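Breakdown of the fold
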Amino acid sequence: MRWGTAAVVAAAAVGAGAAAVLVVGRRASERMVRPETVVLESGPVHVRSLGAGRVTFTRRPESLRPGRWAVEWADGGHAVVEEVIARDEQGVTRRLVRADRGTLAPGTEVRFTPRVLLGDPMEALGLPFTETVAEGELGPLPVWCLGGKRGTWVILVHGPGADRQQTLPVLPVLHHLGLPAVAVTYRGDEGAPASPDGLSHFGETEWRDVEAAIRLALDHGAGKVILYGWSVGATTVLQAAARSAWSHAIRGLVLDSPVLDLPASARRDALRAGRSETVAELGALAAEGRTGVDLADFARLAEGVDLRVPTLLLQSPEDSVAPLGPAEHLATARRDVVSLKLFPGADHAALWNSAPEHYTELLRRWFTPLL
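Residues numbered from 1 in each chain as written. Predicted model: local features only at pLDDT ≥ 70, side-chain atom pairs only at ≥ 80, totals over all residues. Heavy atoms only, no water.

**Re the environment of leucine 370**
Convention followed: Helix and strand labels come from DSSP, where a helix needs a run of H or I of at least four residues and a strand needs a run of E of at least two; each type is numbered from the N terminus. Contacts are assigned to residue pairs with any non-hydrogen atoms lying within 4.5 Å of each other.
Topologically, leucine 370 is positioned in the segment after α12 (356–367). Placed 119 residues apart in sequence, leucine 370 and arginine 251 show a C-alpha to C-alpha distance of 7.6 Å. Discounting residues that sit within four places of it in the chain, leucine 370 has contacts with Thr152, Ile226, Arg251 and Pro310.

**Side note on the pattern of salt bridges**
How we decide: Any Lys or Arg side-chain nitrogen found within 4 Å of a carboxyl oxygen on Asp or Glu counts as a salt bridge.
Applying the stated criterion across every chain yields a total of 18 salt bridges. Here arginine 98 and aspartate 100 are joined by a salt bridge, their closest N and O atoms 3.0 Å apart. Across the pair glutamate 211 and arginine 215 runs a salt bridge whose closest N-O atoms are separated by 3.8 Å. Placement of both glutamate 211 and arginine 215 in helix α5 (residues 207–219) is noted, with a separation of four residues, approximately one turn of the helix. Connected via shared salt-bridge partners are Arg68, Glu82, Glu83, Arg95 and Glu357.

**Some points on the pairing of strand β2 (residues 54–58)**
So the rule is basically this: For two strands to count as paired, DSSP must find a minimum of two bridges between them.
Taken together, the four bridges between strand β1 (residues 45–51) and β2 define a ladder with antiparallel strand orientation. Across the sheet, residue glycine 51 finds its bridge partner in β2, namely arginine 54. Joining the antiparallel neighbours β1 and β2 is a turn of two residues, in which glycine 53 adopts a positive phi near 70 degrees. Strand direction decides the pairing type here: β2 and strand β5 (residues 91–101), joined by five bridges, are antiparallel. Each residue of the ladder has a partner; that of threonine 56, found in β5, is threonine 93.

**Brief notes about the packing of aromatic side chains**
The line we're drawing: Between 30 and 60 degrees the pair is tilted, below 30 it is stacked and above 60 it is edge-to-face, where a pair is any two Phe, Tyr or Trp rings, Trp via its six-membered ring, whose centres lie within 6.5 Å. Three exposure classes are used, based on accessible area relative to the maximum for each residue type with a 1.4 Å probe and protein chains only: buried under 20%, partly exposed in between, and exposed over 50%.
Scanning the entire structure with this criterion turns up five aromatic pairs. Seen from their ring centres, phenylalanine 129 and tryptophan 144 are 6.0 Å apart, and the 65 degrees between their planes marks the pair as edge-to-face. Highlighted residues: phenylalanine 129 in the loop between α3 (121–125) and β7 (130–136) and tryptophan 144 in strand β8 (residues 139–146), separated in sequence by 15 residues. The class of phenylalanine 129 is partly exposed, set by a relative accessible area of 24%. Between tryptophan 366 and phenylalanine 367, the ring centres sit 5.2 Å apart and the planes meet at 80 degrees, which makes this aromatic pair edge-to-face. Overall, tryptophan 366 belongs to the buried group, its relative accessible area being 14%.

Here it is in C-alpha cells:
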C-alpha cells in the first residue's frame, strides 16, 4: 500500500466495519497531526541504587543509550546522566552529572528524554537573550534572540512535540562563533497562534512562520541567514528555503533528522507508539486526508530540486521515525551542496545527545567557512 492511494482507503472502509476502520485510522494519526500528543521517548526505567556521582538503573535499551541524557520522573523531577560506567544483567551504572529538580532515590521510576537543558538561554546556559516577537500571518510569534558580532544569523526551528528548549544545546557553539541566533515558535506552539484547523501540516503552512523569523532577522541587521531545523522542523526549513520571498538571503541549511519521506515516517511513528502494521498504515492514510498535504511537492523537496545553498544533513541509520534511505538519496542527488553526517545508534532528533562533543565539533567546522 502507498500513502494517499484512494483505492486503499476505499478497500479498507468497505463493509459494516467501515466506520470503525476510519475511527482507528483517525486515532492512529493523532501523533503526527497533533504533535503536542507525542509521548516521552522511552519506557519506564527504575533506579536501583545511588552512589557518589553515579546512579544505577534497571537494564533496558533506554538506560544503555550512549551519550548525555536527562531522566525525568513524577512531580517534575529532572537529572542528567552521561556515559555508562558499568553494566551487568541486572543493572546499568551511569555517571550522574546533576540532579537539579526533585529527589532521585532507589525505586524511583524514570524516563530517559533528550531534554538535558531546561528553561530559557539564561537559565540553562547563562547566555543573555531578549524575548521578542516575529509578526506572522496568524499573529505574533514569540522568539528568543541572542546577539553576536557576525552579520549572518541562525534561525532555529524545533521539531514536533518539542519547543524552543530543543535548540538550547547548539547555542553555545553559535555563541562561540559570534553568530546571532533566533529560536522560533510557530503556529500551534504554546504562546503562538493556533493553526486554523488545529493540525500540523508538516511544514506546508508552518514555513510562513519561519519566513516571519527571517524577516525579523533581516529587519534587525542580518545580512544573511542560516536555517536550522529538527525533524519536521527541518522539513519546514526546506519548505521555507524553497518558497520564501527572502530565499535570496539564505546562506545555508542544517537539517537534523529531517522527515523526507512523510508516508514512511507516519507509519514508523505509529509503529513506535505500539500500533500494528495495518493500523499504522491506516493512520498514515488518515494523516494525509486530514491535513491535505501535497505529497508531490513533498517529494520534490526530498529530491533537493530547489536546494541552492550548502546543506549539512545529520541523520542516524537507526532513526525510528525518519528512515536513512531518503537522506542518502538526497545527499547523492545533490552531492554538490549536501554533506551527510551519520550518528550510528542515535534516535530520532536526539543526535546531539548521543555524541555531544562530536556533534558540536561538526557544527563548528561546517559553520566556520560560512562566517
